[in-house]
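# Structural description and commentary
This is what each chain is made of:
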Amino acid sequence: MSVITLENLTKDFGNGRGIFDVSIAVRKGECYGFLGPNGAGKSTTMRHLMGFYQPQSGKAMIEGLDCWGDQKHIQQKVGYLPGEIAFPEDMTGKSYIRMIAKMRGMKDFSYEKELEDFFEINPAIELKRMSKGMKQKIGIILSFMHKPEILLLDEPSSGLDPLMQNKFIDLMDQFKKAGTTILLSSHMFEEVERTCDRIGIIKNGKMIREVDAKELRHSRLKTFRMECEDETDLERILGKFPEAECNMTTHSVILSLPDSRINDLIAVLAGCKLRFLKEEKHTLEEYFMQFYGGDAND
Amino acid sequence: MISLPILIQDIKSNFKFWMAFTMVLCLFMTVMINVFTPATIGSLGAATNGTIVGNLLGGTSTLIGFMANSFYTLMAIIFPMLYSIIVGNRLVAEKVDHGDMSGLLSTPTKRITIVMTKAIYFICSLVLMWTVVCLLGIGVSHIFQQDELDLNTFLLMNAGCLLFHLAISSICYAASCIFNYSKLSMALGGGITLFFYVVSMIVKLSDDLDVLKYLTLNTLYDTAKIIEGEGYGANFIILTCIGILLYTVGITVFCKKDLPL
Ligand SMILES: Nc1ncnc2c1ncn2[C@@H]1O[C@H](COP(=O)(O)OP(=O)(O)OP(=O)(O)O)[C@@H](O)[C@H]1O
Ligand SMILES: [Mg+2]
């Protein structure tokens, strides 16, 4: 049985905005990535799962309980990190954590303390005075401190510096190992690719496709940019990879290839004199175009 | 049905408003009781007879009459009203608008528990405010106006004022529960209650404008009837019913609506 279930979930805000006919089933212990550009409907879906929105049609369920109406039971097992974190302005982080813990009926604060140390944050200052990243850390502590069985994370690493992003991924790994079911939304391909088992791609409120992360990891084209010293090198590369885009004046090459051909590239480059070589990061949009062609803009 | 942590947070976060408005009321109560002297009011009454000021002041030869026409038509109406407008909005709408309501709803607490707790805070804070003001009034008149105060009428006057403000607070609370935007909740809650106040002032200016009294809730807090000692019962009951009704409406709407958190 799936832990998180969406059945034809629809919420129309008018003007083509909202979510339409979204169906997902996340199994126990699975980490599901919800990937989509800004305004795609990721947060709207999360809000249905939190019981903030009533579905227009369709259903959102967690462990078989209806998310609209059975909140009290569902929230006992869920940790939620909102996409747009907001805290009461007139409290310190510490007193807010205490208050939420009390509302959860939590008695043992040892794990909460551990998380504070792990993220190197001292919550004993006013929430109003905290930086974006500090607020995000408090949000993470609030959603993880009761060791929930289910995590709903809406763009969890926004505002964290790269070091903390890595720490956060470590933390998610720990929870995954403990069998936690995770639904994670993001517009960053790398983040989802690194942590999730399955990825659902949503755009303009519609699910475009669901893919296995492993499959994606290997099938995906990577794009490299390089610059050579000599023109002969350019020709050598073109000989092996006719699809490469070369610029004869700057001697630069842009080349996209699947992982399966990476060794061919290295073999060719071994004989070349390069000025530099780097992998180009793609925007989500470009990834969509790569995989699904015009599909992504439907 | 109530959540202690939420109640405590509401008390803490609204304490400065409660304190400020209670102190202002206490201050005016003390000053007005002190100002009263049967003789000066008598001559003032004669001088202003038939004028607009006379209409506004009318029947001020006793302490309670004087208070009814000064403190209980002006300060006792406007200050708690402002408290209700500000705090009513802060309790719910501002938390939805700002987004920190999502933190409360992420815990295993039902929506109804959250809004019930906040309603209870709101009601109790007003009851406490009037208890303090009323006790102070009794104390101060005992010191400065010995034997001038008709205690029964004074208690009724305050009870009526409290019921009136509970009805006002119910308007602000319902607005706060209905709207997701702080400014809309303020506009409706504040707009309606201040409109009532302004109309009630206009009604006092001339008998020709008497029909307007049906447009304002303030009519139901009729100090003259309380002093007469009869005919106020129905008003008290209507005020209570309005309060119960609007609190219920607010709570029900909040439990059923979409929250853009
Ligand atoms: N309460 C609402 N009323 C009207 N429109 C809304 C409401 N909530 C969301 N929308 C619209 O629905 C669409 C999806 O919004 P949503 O917040 O779910 O996007 P998202 O995928 O989370 O985007 P982001 O990556 O920017 O967080 C947007 O076009 C948004 O304007
Ligand atoms: Mg979002």
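Residues numbered from 1 in each chain as written. Chains lettered and ligands numbered in written order. Predicted model: local features only at pLDDT ≥ 70, side-chain atom pairs only at ≥ 80, totals over all residues. Heavy atoms only, no water.

Moving on, we get to the overall build of chain B. The number of helices and strands found in chain B is 12 helices and zero strands. Listing every helix and strand of chain B by position from the N terminus yields α-α-α-α-α-α-α-α-α-α-α-α. Taking 2.2 N^0.38 as the reference for a compact globule, 261 residues should give roughly 18 Å; the C-alpha atoms of chain B span a radius of gyration of 20 Å, in line with that estimate. When the backbone C-alpha atoms are referred to their principal axes, chain B occupies close to 65 × 40 × 30 Å. (Helix = DSSP H or I, 4+ residues; strand = E, 2+ residues; numbered from the N terminus. Rg over C-alpha atoms; globule rule 2.2 N^0.38 Å.)

To continue, consider the interface of chain B and chain A. Contacts between chain B and chain A engage 26 residues on the former and 25 residues on the latter. Between chain B and chain A lies a buried interface of about 2200 Å² when both sides are counted; carbon and sulfur atoms form 60% of it. Contact with chain A buries surface across chain B, with Ser106(B), Pro108(B) and Asp258(B) losing the most and accounting together for 26% of the total. The interface formed by chain B and chain A holds two salt bridges in total. Put simply, Asp90(A) and Arg90(B) hold a salt bridge, and the shortest N to O gap is 3.9 Å. Joining chain B to chain A, the criterion identifies seven residue pairs in polar contact (both at pLDDT 80 or more). Looking at the side of chain B that touches chain A, the elements with two or more residues in it are helix 1 (4-35), helix 7 (101-105) and helix 12 (233-256) of chain B. (Contact = heavy atoms within 4.5 Å. Buried area = accessible area lost by both parts, 1.4 Å probe. Salt bridge = Lys/Arg side-chain N within 4 Å of Asp/Glu carboxyl O. Polar contact = N/O pair within 3.5 Å; in protein donor to acceptor, adjacent residues only side chain to side chain.)

Here we take up the pattern of salt bridges. Applying the stated criterion across every chain yields a total of 21 salt bridges over all chains. A salt bridge links Asp100(B) to Lys95(B); the shortest N-O distance between them is 3.4 Å. Judged on exposure class, the residue Asp100(B) and its partner Lys95(B) are both buried. Three or more residues are tied together by salt bridges with common partners; here these are Arg27(A), Glu30(A), Arg198(A) and Glu210(A). (Buried < 20%, exposed > 50% of the residue type's maximum accessible area, 1.4 Å probe, protein only.)

What follows covers unusual backbone geometry. Residue and element names in this part refer to chain A. Positioned with a positive phi, Glu63 is a non-glycine residue whose angle comes to about 50 degrees. Unlike most non-glycine residues, Asn204 shows phi in positive territory, near 50 degrees. Position of Asn204 among the secondary structure elements: in the loop between strand 9 (198-203) and strand 10 (206-212). In this structure Asn204 comes out as partly exposed when scored by relative accessible area, which is 40%.

On to the packing of aromatic side chains. Enumeration according to the criterion identifies 19 aromatic pairs over all chains in this entry. Both rings, one in Phe144(A) and one in Phe175(A), keep their centres 4.9 Å apart while their planes meet at 85 degrees; by these two values the pair is edge-to-face. Residue Phe144(A) is located in helix 5 (residues 132-144), and its partner Phe175(A) is located in helix 6 (residues 162-177); the two are separated by 31 residues in the primary sequence. Lying across the ring of Phe109(A), Arg98(A) places its NZ or CZ 4.0 Å from the centre. Here the guanidinium or amino end of Lys183(B) rests over the ring plane of Tyr181(B), the centre of that ring lying 5.6 Å away. (Phe/Tyr/Trp six-rings, centres within 6.5 Å; stacked < 30°, edge-to-face > 60°. Lys NZ or Arg CZ within 6 Å of the ring centre and 35° of its normal.)

Per-residue confidence for chain B gives a mean pLDDT of 90; residues scoring 70 or more make up 92%. Per the prediction output, this complex has pTM 0.87; the corresponding ipTM is 0.85. (pLDDT = per-residue confidence, 0-100.)

Residue and element names in this part refer to chain A. Around ligand 1 sit 14 residues, and of these Gly39, Gly41, Lys42, Ser43 and Thr44 come closest. The contact in question runs from an oxygen atom of ligand 1 to an N or O atom on the backbone of Gly39, over 2.8 Å. A distance of 3.1 Å separates an oxygen atom of ligand 1 from a polar atom in the backbone of Ala40. Protein chains bury 73% of the 640 Å² of accessible surface belonging to ligand 1 in isolation. Residue assignment for the shell around ligand 1 shows that the elements contributing at least two residues are strand 2 (17-27) and helix 1 (42-49). Ranked by residue count, the leading element in the shell around ligand 1 is helix 1, at three residues. Its residues assigned to classes, the shell around ligand 1 comprises four nonpolar, seven polar and three charged. (Near = heavy atom within 4 Å. Areas by Shrake-Rupley, 256 points an atom, 1.4 Å probe, with all protein chains shown as cover. Nonpolar A, V, L, I, M, F, W, Y, C, P; charged D, E, K, R; others polar.)

Glancing now at the nonpolar core. Ranked by internal contacts, the top residues of the largest apolar core, which has 134 residues, are Phe144(A), Leu152(A), Phe71(B), Tyr72(B) and Tyr173(B). Judged by nonpolar contacts, the second largest core, of 14 residues, contains Met226(A), Ile237(A), Leu257(A) and Leu265(A). (Core = buried A, V, L, I, M, F, W, Y, C linked by side-chain atoms within 4.5 Å.)

Another point: the domain arrangement of chain A. Domain boundaries in chain A define domain 1 (2-217) and domain 2 (221-281). Once you take the C-alpha centre of each, domain 1 of chain A and domain 2 of chain A turn out to be 40 Å apart. (Domains from an automatic or database assignment.)

Here the focus is helix 12 of chain B. Residue and element names in this part refer to chain B. Taking 1.5 Å per residue, 24 residues should reach 34 Å; helix 12 reaches 35 Å between its end C-alpha atoms and fits that length. Taken residue by residue, helix 12 has Asn235, Phe236, Leu239, Gly243, Tyr247, Gly250, Ile251 and Phe254 as its buried positions. Looking at the packing, one finds that the buried side of helix 12 touches helix 6 (93-98), helix 7, helix 8 (111-144), helix 9 (151-178) and helix 11 (223-228). (Expected span 1.5 Å × (residues − 1).)

With that out of the way, let us pick up empty space enclosed by the protein. Per the counting criterion, the structure on display carries two cavities of 30 Å³ or more. Space inside the largest cavity adds up to approximately 160 Å³. For the largest cavity, the lining is made up of 16 residues, of which Tyr80(A), Pro82(A), Leu142(A), Gly103(B) and Ser106(B) are closest to its centre. When residues of the lining of the largest cavity are traced back to their parent elements, those giving at least two are strand 6 (78-81), helix 3 (93-103) and helix 5 of chain A together with helix 7 of chain B. Split into classes, the residues belonging to the lining of the largest cavity amount to nine nonpolar, six polar and one charged. A volume near 40 Å³ is recorded for the second largest cavity. Its residues placed into classes, the lining of the second largest cavity shows three nonpolar, two polar and three charged. (1 Å grid on protein atoms, 1.4 Å probe; cavity = no way out; pocket = protein on both sides within 12 Å on 5 of 7 lines; lining within 4 Å. Points joined across faces, edges and corners; volume = space filled by probe spheres on them.)

On to the pairing of strand 11 (residues 221-228) of chain A. Residues in a regular strand point their side chains to alternate faces of the sheet. All names here are of chain A. The buried fraction of strand 11 amounts to six of the eight residues, a majority that puts the element mostly inside the structure. Strand direction decides the pairing type here: strand 11 and strand 13 (residues 252-258), joined by seven bridges, are antiparallel. Bridging across to strand 13, Lys222 finds its partner in Leu257. Where strand 11 lies against strand 14 (residues 274-280), six bridges are found, and the strand directions are antiparallel. Bridge pairing links Cys228 to Leu274 in strand 14. (Pairing = 2+ DSSP bridges.)

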